[in-house]
Structures are given as structure tokens and as C-alpha cells.
Amino acid sequence: MNLKGRSLLTLLDYKTDEIQYLINLAKRLKEEKRQGIPHRYLEGKNIVLLFQKDSTRTRCAFEVGAYDLGMQTTYLGPTGSQMGKKESVKDTARVLGHMYDAIEFRGYLQTDVMALSEFSGVPVYNGLTDLYHPTQILADFLTIQETFGTLKGLNFTYFGDARNNMGNSLMIGCAKMGMHFKAVAPKALWPRKELIEVCENIAKETGATLSFETDPLKGAKDSDIIYTDVWVSMGEAKDVWLKRIKELYPYQVSKDIMKAANKKAIFMHCLPAFHGLDTEVGQQIAMEFGDQYPTVKHGELEVTDEVIESKQSVVFEEAENRMHTIKAVMLATLSDDYE
Ligand code: CP
Ligand code: NVA
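The model shown is predicted, which means the values in this text are computed figures rather than measured ones.

Calculation criteria
- Residues numbered from 1 in each chain as written.
- Chains lettered and ligands numbered in written order.
- Predicted model: local features only at pLDDT ≥ 70, side-chain atom pairs only at ≥ 80, totals over all residues.
- Heavy atoms only, no water.
- Axes fitted to C-alpha atoms, helices over the stretch in contact; angles between N-to-C directions.
- Helix = DSSP H or I, 4+ residues; strand = E, 2+ residues; numbered from the N terminus.
- Parallel < 35°, antiparallel > 145°, perpendicular 65-115°, else oblique.
- Left-handed = near helix turned anticlockwise from the far one by under 90°.
- Contact = heavy atoms within 4.5 Å.
- Nonpolar A, V, L, I, M, F, W, Y, C, P; charged D, E, K, R; others polar.
- Near = heavy atom within 4 Å.
- Polar contact = N/O pair within 3.5 Å; in protein donor to acceptor, adjacent residues only side chain to side chain.
- Pairing = 2+ DSSP bridges.
- Core = buried A, V, L, I, M, F, W, Y, C linked by side-chain atoms within 4.5 Å.
- Buried < 20%, exposed > 50% of the residue type's maximum accessible area, 1.4 Å probe, protein only.

S.K.: How would you sum up the packing of helix 2 (residues 57-68) against helix 13 (residues 315-334)? Please name residues and give values.
M.R.: Any two packed helices are characterised by the angle at which their axes cross and by the distance between the axes. For the pair helix 2 and helix 13, interaxial distance at closest approach is 8 Å and the crossing angle is 50 degrees. In this view, helix 2 runs oblique relative to helix 13, as classed from their interaxial angle. The hand of the helix 2/helix 13 crossing is right-handed. In this structure, helix 2 uses R57, T58, A61, F62, V64, G65, A66 and D68 to contact helix 13, whose residues at the interface are A319, R322, M323, I326, K327 and M330. Residues belonging to the contact of helix 2 with helix 13 are distributed by class as follows: 8 nonpolar, 2 polar and 4 charged.

S.K.: Break down the site of ligand 2 for me, with residues and values.
M.R.: Contacts to ligand 2 come from L128, H133, N164, N165, D229, V230, S233, M234, C270 and L271. The contact in question runs from a nitrogen atom of ligand 2 to an N or O atom on the side chain of N165, over 2.8 Å. Contacts to ligand 2 include S233, whose side-chain N or O atom sits 2.8 Å from a nitrogen atom. Taken together, the residues of the shell around ligand 2 sort by class into 5 nonpolar, 4 polar and 1 charged.

S.K.: Before we move on, could you go through the sheet that holds strand 2 (residues 72-76) and cite the residues and values that matter?
M.R.: In spatial order, the strands read 2-1-3-4; together these 4 strands make up an open sheet with parallel pairing. In this open sheet, the two edge strands, each paired with only one partner strand, are strand 2 and strand 4 (124-126). Direction aside, the axes of adjacent strands within the sheet are offset by 20 degrees on average. With 3 bridges joining them, strand 3 (residues 102-106) and strand 4 adopt parallel strand pairing. What sits directly across from I103, in strand 4, is V124. Here helix 13 sits on the sheet and contacts strand 1 (46-51), strand 3 and strand 4; the angle it forms with strand 4, its principal contact strand, is near 155 degrees.

S.K.: So what's going on with the nonpolar core? Residues and values would help.
M.R.: Core analysis: the biggest nonpolar cluster contains 63 residues, and F141, F156 and M330 have the highest contact counts within it. Sorting elements by how many residues they give to this core places helix 13 first, with 8 residues. Not counting chain neighbours up to four residues away, the residues in contact with M330 comprise L42, I47, F62, G65, A66, L69, M71 and Y125. Counting residues in each nonpolar core, the second largest holds 34 residues, with V232, W241, A261 and V307 among its members.

In C-alpha cells form, the structure reads like this:
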């Protein structure tokens, strides 16, 4: 397997065996880190981390991952660079490509991460755009593989806004890995038709299936994995909240949803999650809409506190795996000398 020089903009660009290879490489790097075996294969290399949106996990995963591999990092935050204000993405790409060995980008437009890749001449990693979040899916799948020993054939169920970056990327990932993807949401929040068609075609090759359901309890039935994400994504207008709460309140992942799933089902969430009153946004939403929606009063939106804190929840292992999988992506695309 040689992935040297490749960007990771969407999992659509990666074959099933390439995705499996990255997951297995991450598993190896995780074991090496646990055992204190150094793996500074990328000594002397530099990566720039471009963030137009906030981040805890993705930024930390890239930074710690880069340091473990012997690399140096530069962080450019939402207000820290000329990009988009006084300088085009195309010019920024060429400047950064002359200084760095790789670029990570989190931002608004998928077309921007594509332009960075086209014009920089170095591998570019998508750390989330409005369309896709591919590094998150690698971490999710490592976590699933660690739990069930396999990916193929598992019943993966996504509750919530299935048209967002997470819904899109999870559907692609499941199609690629031969999993049974089900989106449980009102019809208006199902993924767009064109992407479903693309994934149906991939599924024909891998044995995956795709299905779409509006009934929450029916949707949960037979699930091995119940996954959800925030109801309003970064970059969306604040006034979307009420509409989204109305649409998705019946799809909140509660104990009843988990009970309707398989006995050994796990709960996953890319995080950050709203499950209490200890965040500014959670408090604000509770104050504004809590009277109409009982659990929203407690700051519980896409998932109840009981579920995310339960034994079935693997969300913090999943968060740790961001780092191991991002390391695997950097290593595989920046070096072919690590066997
Ligand atoms: N899951 C995820 O991408 O988290 P951050 O927004 O903290 O990076
Ligand atoms: N859909 C979410 C994912 C956060 C990791 C967002 O874009 O805000």
C-alpha cells in the first residue's frame, strides 16, 4: 500500500482497502504509543493547521499526532491569516505549499479544501467542511473495529441531520466498508439524492446497504451502533435552532432509543455534544426553548445525559482515536519509509 503524496478531502477518493489500511495503521500507532515505542518517522517535516472554525479534538489530534511523529506545526486560527481577506485561497495554497510539507484545513467550503490541494502541491487534509468530515470517520471506524472486531456487516444507524458533514461522511464510509447504513430523520433531513446514488453504487460492490427511516423506534431496531451529531452545525445561522429542535426533538437519542437497539449496541457522537446545562449555548437554548421541550430544559438536545454517560457510550475512546487515525493519515501520505 502506498498512499504517499495523497490528500484526504473526502472518503469518496479512497478505496475500501486503503481505508482499512489507515485504520489498521492507526491501531498499530496506538499500540506503539501505549508501549512507549517512539515513532518519529516524520522528523524535520512541517504542517500548517488552517482553522476558519473552532475546534478542540481536530486541532489537538493534529498537533499531538504531528509531535509524536517528530513534526513541527503552525496554527492559523479564524483571525490569524490573510486567507480570504486580503489573499485568495489559490495564492495562500501556493505560499503554504512552498513552506510546508502538508496542510490541514477546517472551514466552510469543500471547494476551498479542494483548491488548497490543487494549488499547494502538498498533501491536504480536510479537518471538516460543510460537506464532509473524513478524519472523524476514520476515528469512528477504528472505535467500532475495536468494539466489534470488524466493520463489514454491522448495522450502523445515524439519528439527526443526515444531510450535514457527518451524515454525508458516515454514509460514504459505511458504503465503502460494507456496513448497513440507516439514517433516521424527517425526510427533509435525509442526505441529498445525488450523494445517495453515488453511495448506492459503491454499496453494490461492497455488500453495504443504505436505508432511510422516519420512525425513531423502528429506526433503532437491530442497530449495533447508534450515532448522532449536533442539530445545528458550525456556520449555520442561529435562527435555525427552533426549526431544527421542532424537526429533531423526536429523534433525540434517549434510553428508549438505546433499548430498542441491539443489546450490545454502542452509542457514538463526534462531539462536542449538548447534554447538560454546563455550556453557554446549552444554557441559552434551554432558556429560550425549554418550556416547550421538557429535556431541552435540562440542556439535553441530540442526546440525553443518561445515554452519553452510560456504559454503552464510547464517545471519549472515539475522541482519543481522532489522534491515532490522524497520525496514520499523516504518516501514510508523507512517508513510505515506516514499515
Ligand atoms: N469532532 C470534532 O471534529 O471536534 P472538534 O470540533 O473539537 O474538532
Ligand atoms: N456537524 C458538526 C460536526 C462537528 C464536529 C458541525 O459541523 O458543527
